[in-house]
Amino acid sequence: MSRLVVGFGNVLRHDDGAGPLLIERLGSPWAMAAGDGAVEMVEHMAAFDEVVLVDAVRSGAPVGMIHRFTDGQVYPRSWGGSSHSIGLVEVVELARALGTLPGHISVYGIEVQDTSSGSGLSPQVEAAVDLLVEELAHA
Amino acid sequence: MQRPEARRINVDYLARVEGEGALRLEVEGDVITDLEFRIFEPPRYFEAFLVGRHFTEAPDITARICGICPVAYQMSSIHAMEMIAGVKPTAAVRELRRLIYCGEWIESHALHIYLLHAPDFLGYESAIHMAGQHPEAVRNGLRLKKIGNRVLEVLGGRAVHPINVKVGGFYRAPTREDLDSLIDDLEWAKQASIETVTWAGELDFPEFERDYEFVSLYHPDEYPFNEGRIISNRGLDVAVEEWPDHFREEHVERSNALHARTGEGTPYFVGPLARYANCFDLLSDSAKGAAREAGLGTVVANPFKSIVVRAVELVFACDEALRIIRDYEPPPTGSIDVRMPGGVGHGATEAPRGLLYHRYEVGEDELIAEAHIVSPTSQNQLSIEDDLRLYAEPRLELDDDALQWELEQAIRNYDPCISCATHFLDLTIVRS
């Protein structure tokens, strides 16, 4: 089964860089930084059987926790603030509406703490990234 | 006496960091007592980050300020550095820089028109909702964006933060074959853009016009990207290096924001409407024709109609890209050597969203001593606030949700740069 892994985030906003840093460590060519490069994913993912999407989230859960929504589980549509920004929700739902969403999708949200300007992850977030890299590398 | 009812409306449009609402409105009765439009953090972090870096790093570092418009940041920084060094690009590099900018305008405008702005006019909450009933429109928008990205990939090495661009030119100039590979796509894009102008021209627009001071570059021979003088529709006409003498940023008391104003202290407006008003005659024939067919005059002062003007600029960008590609002769080298004596330089280029100004001071050690970056959206801040206040006033009897929705739509007229904000998601899990 062919798999696409997409990491969302801005590496210049500390923990918000969790997604792209995961991609970098995984060694996948498909890493999307914040901004709308993610929009390309909408059609690109049609070529894959499976898509895995990773993003930073803030829900009040302990920092470093990994929220998992794997096959069959519905991820929270409430993810995504403005309906007009291009993030994980928009990419998935656009793909769904256009018929390009692969049959298998998994969504991982890493609970983050600091999203101020700057680079580098909080230790718990970094640990979560490494854990997820291990899992995905061996999946 | 009863106190008039006070309402607070917070539009958390751009940033989901706690407390950082993008629009704050305070209303007492039927009067707006305060309106504050706050964009994401201005590029101040980058200004500090640039100090001590080698001047050649400026394009790579500043490209990361904006995910949608990295080329604009690269171009403004490069031109500022070349001003300090006293070098001018070769003719070939000059054209290639216009070409890469065409790519950026195409991808940025296409994204905004189709995925961000169109849903408003068609009555959809978002592109997602629109895609169900108008998949073709969404697909066209995505395809246009992809074509813009392809131009950036061919010229810049990759679409997100192009790596092939440097002070002095390009690390590698494209071959004829590289550029010819873009022709078919750009031909399709041109047709699609013309259709976009027609479609956009038929949308319903609120009656809303303002007397803006439109500020943009102006060049006698071409619709502006990288070169020209800074002009306004009220008689301003100055060289790029005179920006600090005619514009200023002022700290706003109640927040950390900086507001840009003219020398007289008044608001001004940059972006597609400003370019269109100041440089209409320099658009390509197809672009002008499409504009006229859509019923536009040579000046558009209704910010809601910016969607049509962006579509007109899409046509121009495709025309210009095709022209440059057809005339292209690969140069012997992609760049010239640049010796950095140190000094002060300024760069102002036309990002998709408007004039983007950079100023650098570089030491004799070739390191950046000071950087000042003013984005188009922050230059528009006061005009946007004035517009929103005027737009909101007659709509105050709407309930908060409805008013918030109207104001969100109004904000989208200005295509504020969203990619600089934190995009991460606030997660709420509802268990039934």
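Placed above this text is the structure.
With respect to the overall build of chain B
Phase 1 of the analysis: Along the backbone of chain B there are 15 helices and 14 strands.
Phase 2 of the analysis: When burial is assessed residue by residue, chain B has 61% of its 432 residues classed as buried.
Phase 3 of the analysis: The long-range fraction of contacts in chain B, counting pairs at least 24 apart against all pairs at least 6 apart in sequence, stands at 69%.

Side note on the overall build of chain A
Phase 1 of the analysis: Each helix and strand counted, chain A has 4 helices and 4 strands in total.
Phase 2 of the analysis: By residue count, 61% of the 139 residues in chain A fall in the buried class.
Phase 3 of the analysis: Total accessible area on chain A stands at roughly 4900 Å², and carbon and sulfur atoms take up 53% of it.

Some words on the environment of Ile61 of chain B
Residue and element names in this part refer to chain B.
Phase 1 of the analysis: Note that Ile61 resides in helix α2 (residues 58–62).
Phase 2 of the analysis: For the pair Ile61 and Leu50, spaced 11 residues apart in sequence, the C-alpha separation works out to 7.5 Å.
Phase 3 of the analysis: Not counting residues within four places of it along the chain, the set of residues in contact with Ile61 comprises Phe46, Phe49, Leu50 and Arg53.

Some details on the nonpolar core
Phase 1 of the analysis: Core analysis: the largest hydrophobic core is formed by 145 residues, its most contacted members being Met81, Leu99, Leu186, Tyr276, Tyr360 and Leu388 of chain B.
Phase 2 of the analysis: Sort the elements by how many residues they give to this core and helix α4 (residues 91–122) of chain B lands first, with 16 residues.
Phase 3 of the analysis: With near-sequence residues (within four places) excluded, Met81 of chain B lies in contact with Phe55, Ala58, Val167, Met340, Tyr360, Val362 and Ile368 of chain B.
Phase 4 of the analysis: One finds Leu22, Ala56, Val125 and Val133 of chain A within the second-largest nonpolar core, a separate group that totals 20 residues.

Considering the sheet that holds strand β13 (residues 368–374) of chain B
Residues and elements named next belong to chain B.
Phase 1 of the analysis: In space, the 3 strands of this open sheet follow the order β11-β12-β13, with antiparallel pairing throughout. Among the strands making up the open sheet, the edge pair consists of β11 (343–351) and β13. Recorded for the sheet is a direction-independent mean angle of 15° between the axes of neighbouring strands.
Phase 2 of the analysis: Sheet analysis places strand β12 (residues 354–362) next to β13, joined by 6 bridges and oriented antiparallel. The residue of β13 that forms the bridge with Tyr360 is Ala371.
Phase 3 of the analysis: Relative to the sheet, helix α3 (residues 70–85) contacts β11, β12 and β13, its axis offset from that of β11 by approximately 150°.

Focus on the side chain of Ser306 of chain B
All names here are of chain B.
Phase 1 of the analysis: Following the sequence through the fold, Ser306 ends up in helix α12 (residues 306–327).
Phase 2 of the analysis: The exposure class of Ser306 is buried, given its relative accessible area of 3%.
Phase 3 of the analysis: At 3.1 Å, the side chain of Ser306 forms a polar contact with the backbone oxygen of Asn413.
Phase 4 of the analysis: When sequence neighbours within four positions are dropped, the list of residues in contact with Ser306 reads His117, Leu273 and Asn413.

Focus: the layout of surface pockets
All names here are of chain B.
Phase 1 of the analysis: Here the second largest pocket defines a volume of roughly 370 Å³.
Phase 2 of the analysis: At the level of secondary structure, the elements contributing two or more residues to the lining of the second largest pocket comprise α3 and β11.
Phase 3 of the analysis: In terms of residue class, the lining of the second largest pocket is built from 7 nonpolar, 7 polar and 5 charged.

Here we look at helix α6 (residues 135–156) of chain B
All names here are of chain B.
Phase 1 of the analysis: With 22 residues, α6 ought to run about 32 Å at 1.5 Å a step, and its terminal C-alpha atoms sit 30 Å apart, in line with that.
Phase 2 of the analysis: If you check which residues of α6 are buried, you get Val138, Gly141, Leu142, Leu144, Lys145, Ile147, Gly148, Asn149, Val151, Leu152, Leu155 and Gly156.
Phase 3 of the analysis: Just beyond α6, the residue with positive phi is Gly157, at close to 90°.

Focus on the pattern of salt bridges
Residue and element names in this part refer to chain B.
Phase 1 of the analysis: Within the structure shown, the criterion is met by 34 salt bridges over all chains.
Phase 2 of the analysis: For the salt bridge of Arg53 with Glu57, the shortest nitrogen-to-oxygen distance reads 3.2 Å.
Phase 3 of the analysis: Arg53 sits in the partly exposed class, given a relative accessible area of 30%.
Phase 4 of the analysis: Glu57 gets classed as partly exposed once you look at its relative accessible area, which sits at 26%.

Describing helix α3 (residues 88–98) of chain A
All names here are of chain A.
Phase 1 of the analysis: In terms of burial, α3 is a largely internal element, 9 of the 11 residues being buried.
Phase 2 of the analysis: Among the residues of α3, those classed as buried are Leu88, Val89, Glu90, Val91, Val92, Glu93, Leu94, Ala95 and Leu98.
Phase 3 of the analysis: Following α3 by one or two positions, Gly99 has its phi on the positive side, about 80°.

Considerations on the packing of α6 of chain B against helix α8 (residues 183–201) of chain B
Residue and element names in this part refer to chain B.
Phase 1 of the analysis: Direction vectors running N to C along α6 and α8 enclose 135°, while the axes themselves pass 10 Å from each other. With respect to α8, the axis of α6 lies oblique. Once α6 is placed against α8, the crossing between them reads as left-handed. On the side of α6, the interface is formed by Asn140, Arg143, Leu144, Ile147, Arg150 and Val151, while α8 contributes Asp185, Leu186, Trp188, Ala189, Ala192, Ser193 and Thr196.
Phase 2 of the analysis: For the contact of α6 with α8, the per-class residue count stands at 7 nonpolar, 3 polar and 3 charged.

Notes on the pairing of strand β2 (residues 50–58) of chain A
Residues and elements named next belong to chain A.
Phase 1 of the analysis: For β2, a buried count of 9 out of 9 residues is recorded, marking the element as mostly surrounded by other parts of the structure.
Phase 2 of the analysis: Note that strand β1 (residues 3–7) and β2 share 5 bridges and pair parallel. Paired with Val5 across the strands is Val52, a residue of β2.
Phase 3 of the analysis: Bridge analysis of β2 against strand β4 (residues 104–111) gives 8 bridges, and the strand direction is parallel. In the strand pairing of β4, Val52 is matched with Ser106.

Cut-off values and rules
- Residues numbered from 1 in each chain as written.
- Chains lettered and ligands numbered in written order.
- Predicted model: local features only at pLDDT ≥ 70, side-chain atom pairs only at ≥ 80, totals over all residues.
- Heavy atoms only, no water.
- Helix = DSSP H or I, 4+ residues; strand = E, 2+ residues; numbered from the N terminus.
- Buried < 20%, exposed > 50% of the residue type's maximum accessible area, 1.4 Å probe, protein only.
- Contact = heavy atoms within 4.5 Å.
- Areas by Shrake-Rupley, 256 points an atom, 1.4 Å probe, with all protein chains shown as cover.
- Core = buried A, V, L, I, M, F, W, Y, C linked by side-chain atoms within 4.5 Å.
- Pairing = 2+ DSSP bridges.
- Axes fitted to C-alpha atoms, helices over the stretch in contact; angles between N-to-C directions.
- Polar contact = N/O pair within 3.5 Å; in protein donor to acceptor, adjacent residues only side chain to side chain.
- 1 Å grid on protein atoms, 1.4 Å probe; cavity = no way out; pocket = protein on both sides within 12 Å on 5 of 7 lines; lining within 4 Å.
- Points joined across faces, edges and corners; volume = space filled by probe spheres on them.
- Nonpolar A, V, L, I, M, F, W, Y, C, P; charged D, E, K, R; others polar.
- Expected span 1.5 Å × (residues − 1).
- Salt bridge = Lys/Arg side-chain N within 4 Å of Asp/Glu carboxyl O.
- Parallel < 35°, antiparallel > 145°, perpendicular 65-115°, else oblique.
- Left-handed = near helix turned anticlockwise from the far one by under 90°.

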